[in-house]
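Analysis of the macromolecular model
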Amino acid sequence: MKKILGTVFFTFFMSGFVSVLMGSIMPYIIEDYQISYLHVGKAMALLSTGNLFATFFTGYLVKLLGRRRASVLLSMLTSIGFLMIICLPREEILMVSFFMIGITRGSISNLNNSVVNNMDKGKSRWLNYLHMFYSLGAFLSPIFVVILMTLGFEWKEVLLILLFFPLTGSVLYSRIPDQENQEKNKGEKKCETPYYRQSLFWLCCIVLFFYVGAENALSGWLVLYLKDGLFMPDNYAQSILSLLYFIMAAGRLIGGYVSAKLQKTTLLLLSSVGAATMFLLFIFSTGYLYVSIAIIGIGLCFAPIYPTIIAVCGQVIDKEGIGMGAFLTIGGIGKMLITYLVGAIASGYDIHVGMFFMLFELLFLLMGSLILKLWEKYKLKKTWLLTN
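Residues numbered from 1 in each chain as written. Predicted model: local features only at pLDDT ≥ 70, side-chain atom pairs only at ≥ 80, totals over all residues. Heavy atoms only, no water.

**Notes on helix α9 (residues 199-229)**
Roughly 45° is the biggest bend found in α9, and it falls at Trp221. In terms of burial, α9 is largely enclosed, as 26 of its 31 residues are buried. Among the residues trailing α9, Phe231 stands out with phi positive, at a value near 55°. (Bend = angle between axes of the 7 residues up to and from the residue. Helix = DSSP H or I, 4+ residues; strand = E, 2+ residues; numbered from the N terminus. Buried < 20%, exposed > 50% of the residue type's maximum accessible area, 1.4 Å probe, protein only.)

Okay, here's the thing in structure tokens:
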């Protein structure tokens, strides 16, 4: 059990690290490759497409090859993608590399969320801790970039040094058992109604779609927005990105405690209201103080949403990972679509308009959370009437 938890926590840390690393080095890639915001949007969309592809097919690949072999194979793609970016500086290779890195991210998300959800049995405590490690990796990533580049390393050398993290993740995956919950799950009764025929599943998909799209677009475009839109220095922009994920890591630690005190749908609704409010403050801020305050607020409000929505939906998802894959695929579509749209709008107008588009996306997240809360109240009232 400890070996499994240690592996999923570290590999999720690595996934968060790599996720933000790609956004941190993007300004240098733009400079070296001489590409536009539209091409950046395509690269990030391919990152999300790889993620989408992997989240859907990982469950089937695990059934075919076993968890250990599938995990090692899929996690190695990030290391290969890094080496391709370093050694083959062409735009087409860059796009393929981002797609491969996205496959690793998606597979890790499916595998690790499935393992912890099965252990947590519909609660969100350990899921919050799992995603805390993702945020911790995302927090440390731009700090590593700033330190190494301050020491005089070029961005390609930084990427080569940080190759340590995905390689270590692959080694750890090679040491986990194939079916860690096989005996435990033998006596468990599966949900009689398939997940795709339940209203709860689709309502949770709506919330996940808009949340993942918002988080990925913000983390991917934040540094560029602060540098090109607000003309803030690179070190500050990288530090703000680190601050966002540090606050999210702390928020998920707090979320593990708060989730035991509040209904999960209530926590989702409150977090969505807070996220929309803080983002409104962010896009109308131009000074360092207000930008920092807004990012702290966004991080705290974003923190519990992902693990909580997985816990809400976890009660109708099957144990094998196929249901989790379908669920995360919906989130992957949001990640791909919203990130690309921000880039397309920024390229057609400017980076300010692209970021302003995200406000509408967060309002849809709020609406989805509200509908989910009202649906839960309706189901509870219906159950009470039937039993009285």
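**Some thoughts on unusual backbone geometry**
Of note in the backbone geometry, Phe231 takes a positive phi value of approximately 55° without being a glycine. Relative to the elements of secondary structure, Phe231 occurs in the loop between α9 and α10 (234-258). Of the residues examined, Phe231 reaches a relative accessible area of 69% and is grouped as exposed.

**Let's talk about the pattern of salt bridges**
Applying the stated criterion across every chain yields a total of four salt bridges. The partner of Arg90 in a salt bridge is Glu92, with the nearest N and O atoms 3.8 Å apart. Accessibility expressed as a relative area gives 52% for Arg90, which makes it exposed. Between Lys373 and Glu376 there is a salt bridge whose closest N-O contact spans 3.6 Å. Of this pair, Lys373 and Glu376 both sit in helix α15 (residues 351-387), three residues apart, which is roughly one turn of that helix. (Salt bridge = Lys/Arg side-chain N within 4 Å of Asp/Glu carboxyl O.)

**A few points about empty space enclosed by the protein**
Counting across every chain of the model gives four cavities of 30 Å³ or more. What lines the largest cavity is a set of 22 residues, among which Arg105, Tyr134, Val212, Tyr306 and Lys335 lie closest to the centre. Of all the secondary structure elements, the ones that give two or more residues to the lining of the largest cavity are α1 (2-33), α2 (37-65), α4 (91-120), α5 (125-150), α9, α10 and α14 (322-348). Per-element tally for the lining of the largest cavity: the top contributor is α9, with six residues. Here the residues of the lining of the largest cavity sort into eight nonpolar, 10 polar and four charged. When its volume is computed, the second largest cavity comes out at roughly 110 Å³. (1 Å grid on protein atoms, 1.4 Å probe; cavity = no way out; pocket = protein on both sides within 12 Å on 5 of 7 lines; lining within 4 Å. Points joined across faces, edges and corners; volume = space filled by probe spheres on them. Nonpolar A, V, L, I, M, F, W, Y, C, P; charged D, E, K, R; others polar.)

**Regarding the state of the cysteines**
The tally for this structure, following the rule as stated, stands at zero disulfides. Of the cysteine sulfurs around Cys204, a residue in no disulfide, the closest is that of Cys313, at 4.3 Å. (Disulfide = S-S within 2.5 Å.)

**What to know about the side chain of Ser79**
Residue placement: Ser79 occurs in helix α3 (residues 67-87). Those residues in contact with Ser79 that sit more than four places away from it in its chain are Leu163, Pro166 and Leu167. (Contact = heavy atoms within 4.5 Å.)

**Observations regarding the packing of α9 against helix α12 (residues 288-302)**
When two helices pack together, their arrangement is given by the angle between the helix axes and the distance between those axes. The interhelical angle for the contact between α9 and α12, taken along N-to-C directions, is 160°, at an axis separation of 12 Å. The angle between α9 and α12 places the two elements in the roughly antiparallel class. In the crossing of α9 with α12, the sense of the turn from one axis to the other is left-handed. Where α9 approaches α12, its residues Tyr211, Ala214, Glu215, Leu218, Leu222 and Leu226 are matched on the opposing element by Val291, Ile295, Ile298 and Phe302. Taken together, the residues that form the contact of α9 with α12 break down as nine nonpolar, no polar and one charged. (Axes fitted to C-alpha atoms, helices over the stretch in contact; angles between N-to-C directions. Parallel < 35°, antiparallel > 145°, perpendicular 65-115°, else oblique. Left-handed = near helix turned anticlockwise from the far one by under 90°.)

**Points about a nonpolar patch on the surface**
A contiguous nonpolar patch, built from Leu280, Phe284, Phe356, Phe360, Leu363, Phe364 and Met367 and spanning about 690 Å² of accessible area, is present on the exposed surface. With respect to the helices and strands, Phe360 occurs in helix α15. Classification of Phe360 as partly exposed rests on a relative accessible area of 43%. (Patch = residues over 30% accessible without salt bridge, like charges linked within 9 Å, V, L, I, M, F, W, Y side chains within 5 Å. Areas by Shrake-Rupley, 256 points an atom, 1.4 Å probe, with all protein chains shown as cover.)

**Looking at the confidence of the model for the protein chain**
Per-residue confidence for the protein chain gives a mean pLDDT of 85, with 92% of residues at or over 70. Scored below 50 in pLDDT, residues 180-190 makes 11 contacts in the model with residues more than four places away or belonging to other chains. (pLDDT = per-residue confidence, 0-100.)

**Some remarks on the side chain of Thr78**
Counting through the fold element by element, Thr78 comes out in helix α3. Take Thr78: its relative accessible area is 1%, and that puts it in the buried class. Among all residues touching Thr78, those that are not within four sequence positions of it are Val18, Ile101, Thr104 and Pro166.

**Digging into the packing of aromatic side chains**
Applying the stated rule across the entire model yields 25 aromatic pairs. Between Phe12 and Tyr134 the ring centres are 5.6 Å apart and the planes differ by 55°, which places this aromatic pair in the tilted class. In this pair, Phe12 is assigned in helix α1 and Tyr134 in helix α5, connecting sequence segments 122 residues apart. Overall, the relative accessible area of 2% leaves Phe12 in the buried class. Taking 6.3 Å as the distance between ring centres and 50° as the angle between the ring planes, the aromatic pair formed by Phe53 and Phe99 counts as tilted. Here Phe99 lies in helix α4 and Phe53 lies in helix α2, a separation of 46 residues in the sequence. With a relative accessible area of 26%, Phe99 lands in the partly exposed category. Following the ring pairs from residue to residue traces out a cluster consisting of Phe10, Phe13, Phe17, Phe144, Phe164 and Phe165. Positioned above the aromatic ring of Tyr28, the side-chain terminus of Lys227 is 5.9 Å from the ring centre. (Phe/Tyr/Trp six-rings, centres within 6.5 Å; stacked < 30°, edge-to-face > 60°. Lys NZ or Arg CZ within 6 Å of the ring centre and 35° of its normal.)

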